[in-house]
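The chain contents come next:
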Amino acid sequence: MSPIDAAEALGGAQVLGAAVESELDFVHLVEEGLPTRVIERLKELGDLSDAELARIIPRRTLSHVKGRKRLSAEQSDRIARAASVFARAREVFGNRAKANHWMRQPNRALEGAAPLELLRTGSGASLVESILTRVAYGVYS
């Protein structure tokens, strides 16, 4: 998934407060800090409970966000990365319900871990995206 796809998954210009016309536009938005509204958008995108969201952004960090208008660059990057993975899963599986179910299931290619458990780090999210690409090309995991 491209950064433009992640931006759209997070609600596009309406939520982000600016049009994203290039990948670099989105990179700049993430560096400046995304609006805190993207947290709710990610929860909707992944049908995430508060506990599941805490796997991506720790609860303590989320508690510090309340009352602020923008996330830090690091928090924004985590949200953008997770949105990209959820959007890719939806693309691969054809609908949100199937994608979100897959994200929560133990996966042999991940040594029994559920993909959702790996979204906290860039390397974990990259691994999940790699597996989604394999699934998309018929190499089931």
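Everything that follows concerns the structure shown earlier in this document.
Residues numbered from 1 in each chain as written. Predicted model: local features only at pLDDT ≥ 70, side-chain atom pairs only at ≥ 80, totals over all residues. Heavy atoms only, no water.

Caption draft 1: Region of the structure containing the side chain of Lys43. Tracing the sequence through the fold places Lys43 in helix 4 (residues 37–46). A relative accessible area of 17% means that Lys43 is categorised as buried. (Helix = DSSP H or I, 4+ residues; strand = E, 2+ residues; numbered from the N terminus. Buried < 20%, exposed > 50% of the residue type's maximum accessible area, 1.4 Å probe, protein only.)

Caption draft 2: Structural detail: the packing of aromatic side chains. Applying the stated criterion across every chain yields a total of 1 aromatic pair. Ring centres 5.4 Å apart and planes at 35° place the aromatic pair Phe93 and Trp102 in the tilted group. (Phe/Tyr/Trp six-rings, centres within 6.5 Å; stacked < 30°, edge-to-face > 60°.)

Caption draft 3: Representation of the pattern of salt bridges in the model. Here the structure, examined in full by the defined rule, presents 7 salt bridges. The partner of Glu74 in a salt bridge is Arg78, with the nearest N and O atoms 3.5 Å apart. You can see Glu74 and its partner Arg78 sitting in helix 7 (residues 73–93), 4 residues apart, about one turn around the helix. Asp77 is the partner of Arg81 in a salt bridge, and the nearest nitrogen-oxygen pair spans 3.1 Å. (Salt bridge = Lys/Arg side-chain N within 4 Å of Asp/Glu carboxyl O.)

Caption draft 4: The packing of helix 3 (residues 23–32) against helix 7, seen in detail. Where helix 3 meets helix 7, the axes come as close as 6 Å, and the angle between the chain directions of the two elements is 135°. It follows from the interaxial angle that helix 3 and helix 7 lie oblique. Every residue of helix 7 that contacts helix 3 at Phe26, Val30 and Glu31 is listed here: Ala73, Ser76, Asp77 and Ala80. Taken together, the residues that form the contact of helix 3 with helix 7 break down as 4 nonpolar, 1 polar and 2 charged. (Axes fitted to C-alpha atoms, helices over the stretch in contact; angles between N-to-C directions. Parallel < 35°, antiparallel > 145°, perpendicular 65-115°, else oblique. Contact = heavy atoms within 4.5 Å. Nonpolar A, V, L, I, M, F, W, Y, C, P; charged D, E, K, R; others polar.)

Caption draft 5: Up close: unusual backbone geometry. A positive phi angle is found at Asp47, which is not glycine, with a value near 50°. Considering the arrangement of structural elements, one finds Asp47 in the loop between helix 4 and helix 5 (50–56). Overall, the relative accessible area of 39% leaves Asp47 in the partly exposed class. Non-glycine residue Glu111 carries a positive phi angle of around 55°. For Glu111, the location among the structural elements is in the loop between helix 8 (96–104) and helix 9 (122–136).

Caption draft 6: Up close: the packing of helix 7 against helix 8. Viewed as axis vectors pointing N to C, helix 7 and helix 8 meet at an angle of 120°, and their least axial separation amounts to 8 Å. By the angle between their directions, the pair helix 7 and helix 8 is classed as oblique. Regarding helix 7 and helix 8, the two cross each other, and that crossing is right-handed. Of helix 8, the residues touching helix 7 (which contributes Val85, Phe86, Ala89, Arg90 and Phe93) are Arg96, Lys98, Ala99, Asn100, Trp102 and Met103. (Left-handed = near helix turned anticlockwise from the far one by under 90°.)

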